[in-house]
Every structure is written in C-alpha cells, then in structure tokens.
Amino acid sequence: MTAFVDLYSEGDTFLHRLDPRVKMIAVLTLSLLAFILSGLTNLLCLLAFVFVLMALARAPWAKTYFAMKFVLRFMALIVIMWPLFDRSGTPVLASLGPIVITEPGVLNGLTSAVRVGCLAMVWYILIFTTAQRDLVRALVKMGVRFDFGLTLAITLRFFPSFSMVIASIMDAQRARGLDFSKGGLMKRSKNYVAVLAPAVVTSLRTAQALSLALLSRAYGARSDRTYLRELRMRPLDYVALAVVISLLVLPALAIYVLGMSL
Amino acid sequence: MAQASKFVSPQTVALYGVLTALTAAVTYATFVPFAPTKGYFNLGDSMVFFSSLTFGWRAGAICGGVGSATADILLGSGLFAPYTLVAKGSEGLVSGYITRKNGGKRWVQVAGIAVGGACMVLTYFFSELLILDVSLGAAALEMVGNTVQVIVGGTVGLLLANYVRKAYPSMAKL
C-alpha cells in the first residue's frame, strides 16, 4: 500500500500559483464540458488537454503513478465491459453464443472510458497543486462556514494517517493468523471487524486529543476570524478564469444554440 | 461552553472530521473495482452505519456523505462524487434517524440499516439510469452489487457499533 502523506507536493508552477478558487471553478467547468461533449475525437482532445495540465503540474512520479493506477484501471474495465452490455447497432464484430459485440457498443465504451478519464484526472490536477489549507481557505472565502471548512481540513489531514493505521492493524492481525483471503464474502467481511474495531477506537482517541488541541488554541473564541494570508485574485487569475469559463461556454453555445454536434 | 459562539463545539468538529477521514480510509483500504458501471465494492458502508448508529443522523449524513465522496475523488471516480454525497449521505441520515443515538433494540437497528441502505441503492440506480446514461442491464447489475454491499456493510457496521460500545465505554460521552 502506498504510504504517502499528502497528494499535494510543493512547487512553483503556474498551476501552483493560481488562485485555488479559479482551480475549483476549472474542475467544475472541465467536468461539465466532459459531460456535454459526445464525440470521441472531441473527448480525446479534452483528455489530451487535461494531460498537458497534468504535465504542467509537475507532480512527483510516485504520486502521478498512484493516480494513474486507479484511472487507467477504470478506463480499461469500461472498455472491456461496456460492449458486453451494450448490444445496440448493426455492424456485429463478433458473436460467441449469447455474447454479441457490435461496433457502436465498442465505440460507446471507448467514449465513456475517455469521459471518465477526463472527469477523474481534473480532480487530481486540483489536488496535486493545491495545499489543503488553501483549499479550505478558498472554500471559506466562497461562503462555506469555517467549522465545515475545518472539518474538511481534518478529514484531508487524517485520511492518509488512518489509511496507514488500518494497514498496520491488518498486518498485526495477519501476524496473529487472521486470513483475509479465505472464505466467502460474508466471512471475509466479518474478519474486517477485527481490523475496524481497533481502528475506530484509535481514531476516537485521536478525536479526543484533537478537540483538546482545538480548545487550547482558542477555537471558536471569536466568530470573526482573521487570517495571516488573505486570498487575492491577481490579473493572471482573472485571465485564467476567463479562459476556463469560455472553454465551457463556447462549446455549450455551439451545441445548444447553433445545434452542432460536438 | 461559556461563549455560545456561532461555531459548533471543538469536540464535534474533531469527531466529525476524524470519522469522515476514517470512512474515506476504510473505503480506500477495502477497495475492489467493480465492473460494469465503473463503480467499486468496498466496506465504507460499515463506517457510515457505524457513525449513524453510534453518533446519530447528523454524524451519519456528514461523515457518510463527505467521507465517501472524498474517497471517490481520491480513488479516481470523481464522476461519482456528487451522487455518492447524496446516496451515502441519505443512507447515514435515514439509518441514524430511525435508530436514534446510542442504542435502540436490535431490530430497530436492522430496520434502520435496511431503509438507509435502500436509499443508497435507489439513489445510485436512478442517478446512473437517468443522469449518467448507463444501460439498464448494467445499472440493474450494479443495483444487485450495491444491495450485497449494504448487507455486508450493515452487518459489519452493526457488529462494530456494538463491539466498540463495549470496548470503549467513554465513547458515549463524545
């Protein structure tokens, strides 16, 4: 299991300097764009664009590999499984008993896989280039209540450490002879109780310590919080914002107003 | 707290943050990709049910919804994150609302898990069918997968809630 602490890595690229709010809006617009595009070529262009952004983010290879591992596995699964369930269309490519594979089925599978790839990769660009504190600060600035933002920050902070806690408890239980790969689904899942119960108790203890830490730093003493560093939009941020919004609006206009099929 | 400020208490913030992180981490640790609708099988539901059975509907809704959606984003299916937020959030909310905080009879807990689980399965089914444009066969197959996941996750969550209550009695004060 990958023992990374944080998917974010320090850097000084264009994407790192961009305002986190602009990056969040970019994730939103690019995701919507992936939904409204239906042509395979256009979606491939979008995927290429997302990959270029990914390269610009200059994330370390190990983290990129972690992200790609999941995305590529999903894409491969869709390409393989989609034609088996989508039997529409006439040019039949192959048939083996009840399994019929048609050309539109294969194409739909490819399109869907590329779309899923786009939707997953845009999130990684945001996560790779934005520190968690910036993400939370941007959310608070956009009107999310501070305590919700703080809860989210705690989640992002503790997700990797709890993953490691679970992995080490699993190792400890394996050393005591617990086998996670034997038996049916129910038996296997019940074995996980032996892992989850200690993990839950550990995390509840963490929560208690954490609440003391929050109290000792006078959390909630004043409702009008101030920040050391304020987020401010710079001219370049506005340019980037205009670019990502036009990236969504122009194809949307072409599709829904001019009636083109993209 | 003396100053009843606009913020919720630090205990609540810490507890919810930690439970949300744990939900995401359990989803990550027990992740098995499941074709054909690019979903995946996991034990994350057990943590959703644990949160809702032990700490009430609010914890179930927030920790279940946000934790599972975070796991979706980190595990490369950001596509599903908004639906997961609704599906798992309603799962935690409904099961927590039915069972009430800290206790209830066994059959009430089981009923809560069943109704909450149904919310999750139906949310996924209809969002896949109507919004994500998945074919009916694939969506129905995933519905079966989700139902199995609720049964397994519910069992584990129920066992977990009762074990942890015995093993860590001061939990009730959190």
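Up top is the structure.
Let us look at the structure shown here.

The rules behind the values
Residues numbered from 1 in each chain as written. Chains lettered and ligands numbered in written order. Predicted model: local features only at pLDDT ≥ 70, side-chain atom pairs only at ≥ 80, totals over all residues. Heavy atoms only, no water. Helix = DSSP H or I, 4+ residues; strand = E, 2+ residues; numbered from the N terminus. Areas by Shrake-Rupley, 256 points an atom, 1.4 Å probe, with all protein chains shown as cover. Salt bridge = Lys/Arg side-chain N within 4 Å of Asp/Glu carboxyl O. Buried < 20%, exposed > 50% of the residue type's maximum accessible area, 1.4 Å probe, protein only. Axes fitted to C-alpha atoms, helices over the stretch in contact; angles between N-to-C directions. Parallel < 35°, antiparallel > 145°, perpendicular 65-115°, else oblique. Left-handed = near helix turned anticlockwise from the far one by under 90°. Contact = heavy atoms within 4.5 Å. Nonpolar A, V, L, I, M, F, W, Y, C, P; charged D, E, K, R; others polar. Phe/Tyr/Trp six-rings, centres within 6.5 Å; stacked < 30°, edge-to-face > 60°. Polar contact = N/O pair within 3.5 Å; in protein donor to acceptor, adjacent residues only side chain to side chain. Buried area = accessible area lost by both parts, 1.4 Å probe. Pairing = 2+ DSSP bridges. Patch = residues over 30% accessible without salt bridge, like charges linked within 9 Å, V, L, I, M, F, W, Y side chains within 5 Å. Core = buried A, V, L, I, M, F, W, Y, C linked by side-chain atoms within 4.5 Å.

### Here's the deal with the overall build of chain B
When helices and strands are tallied, chain B shows five helices and two strands. Start at the N end of chain B and walk to the C end: the helices and strands fall as α-β-β-α-α-α-α. With the model as given, the accessible surface of chain B reaches about 6200 Å², and the carbon-plus-sulfur share is 70%.

### Section: the pattern of salt bridges
All names here are of chain A. Overall, the coordinates contain six salt bridges over all chains when judged by the stated rule. Salt-bridge contacts for arginine 234 lead to aspartate 237; the nearest nitrogen and oxygen are separated by 3.8 Å. Judged by its relative accessible area of 37%, arginine 234 falls in the partly exposed class. Take aspartate 237: its relative accessible area is 1%, and that puts it in the buried class.

### Some remarks on the packing of helix 2 (residues 20-36) of chain A against helix 3 (residues 40-57) of chain A
Residues and elements named next belong to chain A. Their axes nearest at 10 Å, the elements helix 2 and helix 3 cross at an angle of 160°. What the angle tells us is that helix 2 and helix 3 run roughly antiparallel. Between helix 2 and helix 3 the crossing geometry is left-handed. Along the contact surface, helix 2 presents Leu30, Leu33 and Ala34, while helix 3 presents Leu43, Leu46, Phe49 and Leu53. Looking at side-chain class alone, the contact of helix 2 with helix 3 contains seven nonpolar, no polar and no charged residues.

### Comments concerning the packing of aromatic side chains
Residue and element names in this part refer to chain B. Scanning the model with the defined rule gives five aromatic pairs over all chains in all. On the basis of an interplanar angle of 85° and a centroid distance of 6.3 Å, the ring pair of phenylalanine 50 and phenylalanine 55 is categorised as edge-to-face. Look at phenylalanine 55 and you get buried, because its relative accessible area is 8%. Here phenylalanine 125 and phenylalanine 126 contribute two aromatic rings whose centre-to-centre distance is 5.3 Å and whose plane-to-plane angle is 75°, an arrangement assigned as edge-to-face. The class of phenylalanine 126 is partly exposed, set by a relative accessible area of 42%.

### Observations regarding the side chain of threonine 64 of chain A
Residue and element names in this part refer to chain A. Considering the arrangement of structural elements, one finds threonine 64 in helix 4 (residues 61-85). Here proline 60 takes part through its backbone oxygen, which lies 2.9 Å from a polar atom of the side chain of threonine 64. Ignoring anything within four residues of it in the chain, the contact list for threonine 64 reads Met54, Ala59 and Phe128.

### Brief notes about the interface of chain A and chain B
Listed as interface residues are 63 residues of chain A and, on the opposing side, 66 residues of chain B. Interface of chain A and chain B: buried area, both sides summed, is about 5600 Å²; carbon and sulfur atoms make up 82% of it. The largest contributions to the chain A side of the interface with chain B come from Phe74, Phe159 and Leu204 of chain A, which together make up 12% of the buried area. Here chain A is connected to chain B by zero salt bridges. Counting every contact that joins chain A to chain B gives one residue pair in polar contact (both at pLDDT 80 or more). Mapped onto the side of chain A that touches chain B, the elements with two or more residues apiece are helix 4, helix 5 (103-129), helix 7 (146-175), helix 8 (185-191) and helix 9 (193-216) of chain A. Per element, the largest residue contribution to the side of chain A that touches chain B is 15 residues, and it comes from helix 9 of chain A. When its residues are assigned to classes, the side of chain A that touches chain B shows 45 nonpolar, 11 polar and seven charged.

### What to know about the pairing of strand 1 (residues 92-96) of chain A
All names here are of chain A. When you tally the buried positions in strand 1, you get zero out of five residues, a small fraction of the element. Pairing analysis gives four bridges linking strand 1 to strand 2 (residues 99-102), with the strands arranged antiparallel. Bridge pairing links valine 92 to threonine 102 in strand 2.

### A short note on a nonpolar patch on the surface
A grouping of Ile245, Val249, Leu250, Leu253, Tyr256, Val257, Leu258 and Met260 of chain A is seen on the molecular surface, where their side chains present a nonpolar patch of about 820 Å² in accessible area. For leucine 250 of chain A, the location among the structural elements is in helix 10 (residues 235-256).

### With respect to the nonpolar core
Core analysis: the largest hydrophobic core is formed by 115 residues, its most contacted members being Tyr124, Ile166 and Val200 of chain A together with Met47, Phe50, Leu160 and Val164 of chain B. Setting aside residues up to four positions removed in sequence, isoleucine 166 of chain A forms contacts with Val195 and Ala199 of chain A together with Ala25, Val26 and Ala29 of chain B. Among the nonpolar cores identified, the runner-up in size contains six residues, and Leu18, Val22, Ala26 and Ala240 of chain A belong to it.

### Points about the packing of helix 4 of chain A against helix 5 of chain A
All names here are of chain A. Axis separation between helix 4 and helix 5 bottoms out at 8 Å; the angle between their running directions is 160°. Viewed along their axes, helix 4 and helix 5 adopt a mutual orientation that is roughly antiparallel. Helix-helix and strand crossings are classified by hand; for helix 4 and helix 5 the assignment is right-handed.

Note that every value here comes from positions in space, so none of it alone points to a role or purpose.
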